[in-house]
Amino acid sequence: MTRTVYVFALTSHAIPSFALKRRRVDFLDLGGFHAAVERRSQSPAVSESSLRTQHDIVTRLANRIDAIIPARFGAVIDERDLRDILEARRPVIQDALALVRGRVQMTVRFRDASESMPRNSPPIPAGMTGTAYLEARRSAIRMMPALAGVVATAVANLTIAERSEAQTERAPAVLYHLIARENVARYKDVVSSLNSAAVSVSGPWPPFAFAPDIWP
Amino acid sequence: MSRRKPRHSTVPAVKPPRSRPVSTPLPGRREAPRPPVQALPPGPAPRQELASIMPPAETSLAEVIDNLLNRGVVLNADLILALADVDLIYVRLSALLCAADRILPRP
């Protein structure tokens, strides 16, 4: 008989089980770290309600546990498989937990990034191969705005780790910063003092963007 | 048995406060990068303080979607190789990962 669980997050330690909006959260001891799970056989349907509930649960975990790695939505998995996967990736998980311990994620979006992108395809120079043209086009499209460098420099002394997502034709560029919990107010002050309408900062969040890639 | 504090000490009982600039200048473009600054003494923050740092009520739907659907560790990745809308091969990556871990020699 298989037992499936829905994984909310991997955590450095366990806290007493709790329930939030009829979702019960228990902890599996995985030897050195834990998984915050709900015993259920199917993933909840993707809806605003289920997304918000899971986000609230992960936030509650992050408020009570100083090192957590949130799981992506829909992580229903056989308990035995979960143990095998995490055992195989134990060093990666432990390194990630050490990185996020006592830290939170701040998210910076660059609102007008897409407006500065080239709308029309550039003319093709004579003699240029198709591959070269596509690579040039891709590098022109997927880039970080100059303002991202200004923000990154301004908060450099508060930043533990940084992830970035270049702008695309549909989405603006995003910077994710991992900072110490006690530096949230300073971080917001620094970013807001840049006084740019193109920059919006949100957080603190659980460190969603600093989850490790555990697949080969 | 109680310990007594030494009566004479060269260390003042209370250190005078260090003078700090009233307004902290913006770090970054004009200043050289400084090492990370710890504003509070080391050690885990009290639970109550942690609880107030991330209020869930302020979360916008856009943030929720970005966090939960684009980020976070992927634990149950499955892969379906399809051609012309016909699923040909289903690969359960969890099984693949576990099998590879058992087959490969451990260091």
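Residues numbered from 1 in each chain as written. Chains lettered and ligands numbered in written order. Predicted model: local features only at pLDDT ≥ 70, side-chain atom pairs only at ≥ 80, totals over all residues.

J.: Can you help me understand the overall build of chain B in this one?
T.: Within chain B one finds three helices and two strands. Beginning at the N terminus, the succession of helices and strands in chain B can be written as α-α-β-β-α. Out of the 107 residues in chain B, the part that is buried amounts to 10%. (Helix = DSSP H or I, 4+ residues; strand = E, 2+ residues; numbered from the N terminus. Buried ≥ 20, exposed ≤ 12 C-beta atoms within 10 Å, placed from the backbone.)

J.: For this particular structure, what's the right way to read the nonpolar core?
T.: Where a protein is soluble and globular, its nonpolar side chains tend to be buried together. Residues and elements named next belong to chain A. Val7, Phe8, Ala9, Leu61, Ile68 and Ile69 are the most contacted members of the largest nonpolar core, which totals 57 residues. Element by element, the count of residues in this core is highest for strand S1 (residues 4-11), at six residues. There are two domains that each give this core at least three residues, and those are domain 1 (4-100) and domain 2 (103-210). (Core = buried A, V, L, I, M, F, W, Y, C linked by C-beta atoms within 7 Å. Domains from an automatic or database assignment.)

J.: Hey, could you run me through helix H3 (residues 90-100) of chain A in this one?
T.: Residues spaced three or four apart along an α-helix point in a common direction, a consequence of the helix completing one turn every 3.6 residues. Residues and elements named next belong to chain A. Three or more residues of H3 are buried, namely Ile93, Ala96, Leu97 and Val100. Viewed along the axis of H3, the buried residues span an arc of 100°, placing them on a single side of the element. Away from its buried face, by an angle of more than 90 degrees, H3 presents the exposed residues Pro91, Asp95 and Ala98. Following H3 by one or two positions, Gly102 has its phi on the positive side, about 70°. (Arc of directions from axis to C-beta.)

J.: When you look at the environment of A:Val155 in this model, what are you seeing that I'm missing?
T.: Looking at where A:Val155 falls in the secondary structure, it is placed in the loop between helix H5 (146-154) and strand S8 (159-165). According to the C-beta neighbour criterion, A:Val155 is buried, with 25 such atoms within 10 Å.

J.: Before we go on, may I ask you to explain the pairing of S1(A) in this structure?
T.: Within a regular strand, side chains alternate between the sheet's two faces. Residues and elements named next belong to chain A. Most of S1 sits out of view: seven of its eight residues are buried. The pairing of S1 with strand S6 (residues 76-78) spans three bridges and is classified as antiparallel. Its bridge partner being in S6, Tyr6 is matched across the sheet by Val76. By the bridge criterion, six bridges tie S1 to strand S4 (residues 34-39) in an arrangement that is antiparallel. If you follow Leu10 over to S4, its bridge partner there is Ala35. In this structure, S1 lies alongside strand S5 (residues 68-70), joined through three bridges in antiparallel fashion. Bridge assignment links Ala9 to a residue of S5, and that residue is Pro70. (Pairing = 2+ DSSP bridges.)

J.: Explanation requested: the confidence of the model for chain A in the structure shown.
T.: Caution applies to low-pLDDT parts of the model: their predicted coordinates are not meant to be read in detail. For chain A, per-residue confidence averages 87 on the pLDDT scale, and residues scoring 70 or more make up 89% of the total. In this model residues 113-119 of chain A is a low-confidence stretch, pLDDT under 50, and it forms 11 contacts with partners more than four residues away in sequence or in other chains. (pLDDT = per-residue confidence, 0-100. Contact = placed C-beta atoms within 7 Å.)

J.: Would you mind showing me how to read the sheet that holds strand S9 (residues 174-180) of chain A here?
T.: Sheet strands pair via backbone hydrogen bonds, and the direction of the pair is either parallel or antiparallel. Residue and element names in this part refer to chain A. If you walk across this open sheet you meet the four strands as S8-S9-S7-S10, and the pairing is antiparallel. Looking along the sheet, the strands with just one partner apiece sit at the ends: S8 and strand S10 (199-205). Each strand of the sheet is rotated relative to its neighbour by a mean of 20°, with strand direction disregarded. (Axes fitted to C-alpha atoms, helices over the stretch in contact; angles between N-to-C directions.)

J.: So what exactly am I meant to see when it comes to the confidence of the model for chain B here?
T.: Residue and element names in this part refer to chain B. Per-chain confidence: chain B averages 55 in pLDDT, with 20% of residues scoring 70 or above. The element-level mean pLDDT for chain B is lowest in helix H1 (residues 47-51), coming to 47, with helix H2 (residues 61-70) highest at 86. Here the complex is predicted with pTM 0.71, and the ipTM for its interfaces comes to 0.78.

J.: Sorry, what's going on with the environment of A:Gln167 here?
T.: Locating A:Gln167 in the fold gives a position in the loop between S8 and S9. For A:Gln167 and A:Met143, which are 24 residues apart along the polypeptide, the C-alpha to C-alpha distance reads 6.0 Å.

J.: Just to check I follow, could you spell out the packing of helix H1 (residues 48-64) of chain A against H2(B) for this structure?
T.: To characterise two packed helices, one gives the angle between the axes of the helices and the distance between these axes. Their axes nearest at 10 Å, the elements H1(A) and H2(B) cross at an angle of 75°. Considering the angle they form, H1(A) stands roughly perpendicular to H2(B). Taken together, the residues of H2(B) that come into contact with H1(A) (itself represented by A:Glu48, A:Leu51, A:Arg52, A:Gln54 and A:His55) are B:Leu61, B:Val64, B:Ile65, B:Asn67 and B:Leu68. Across the contact of H1(A) with H2(B), the residue classes tally to five nonpolar, three polar and two charged. (Parallel < 35°, antiparallel > 145°, perpendicular 65-115°, else oblique. Nonpolar A, V, L, I, M, F, W, Y, C, P; charged D, E, K, R; others polar.)

J.: How should the domain arrangement of chain A be read in this particular structure?
T.: Frequently, the measure chosen for interface size is the accessible area that the parts lose on association. Residue and element names in this part refer to chain A. The domains assigned to chain A are domain 1 (4-100) and domain 2 (103-210). The set of elements that each furnish at least two residues to the side of domain 1 that touches domain 2 consists of H1, S5 and H3. Class assignment for the residues of the side of domain 1 that touches domain 2 results in six nonpolar, one polar and no charged.

J.: Just to check I follow, could you spell out unusual backbone geometry for this structure?
T.: What is expected of a backbone is that most residues other than glycine have negative phi and most peptide bonds are trans. Residue and element names in this part refer to chain A. A cis amide bond links Gly203 with the next residue in sequence, Pro204, at an omega value of 5°. Backbone geometry at Lys21 places phi at a positive 50°, although glycine is not the residue there. Tracing the backbone shows Lys21 in the loop between strand S2 (18-20) and strand S3 (23-29). You will see that Asn195, though not glycine, has its phi angle at about 55°, which is positive. Asn195 sits in the exposed class, given 7 other C-beta atoms within 10 Å.

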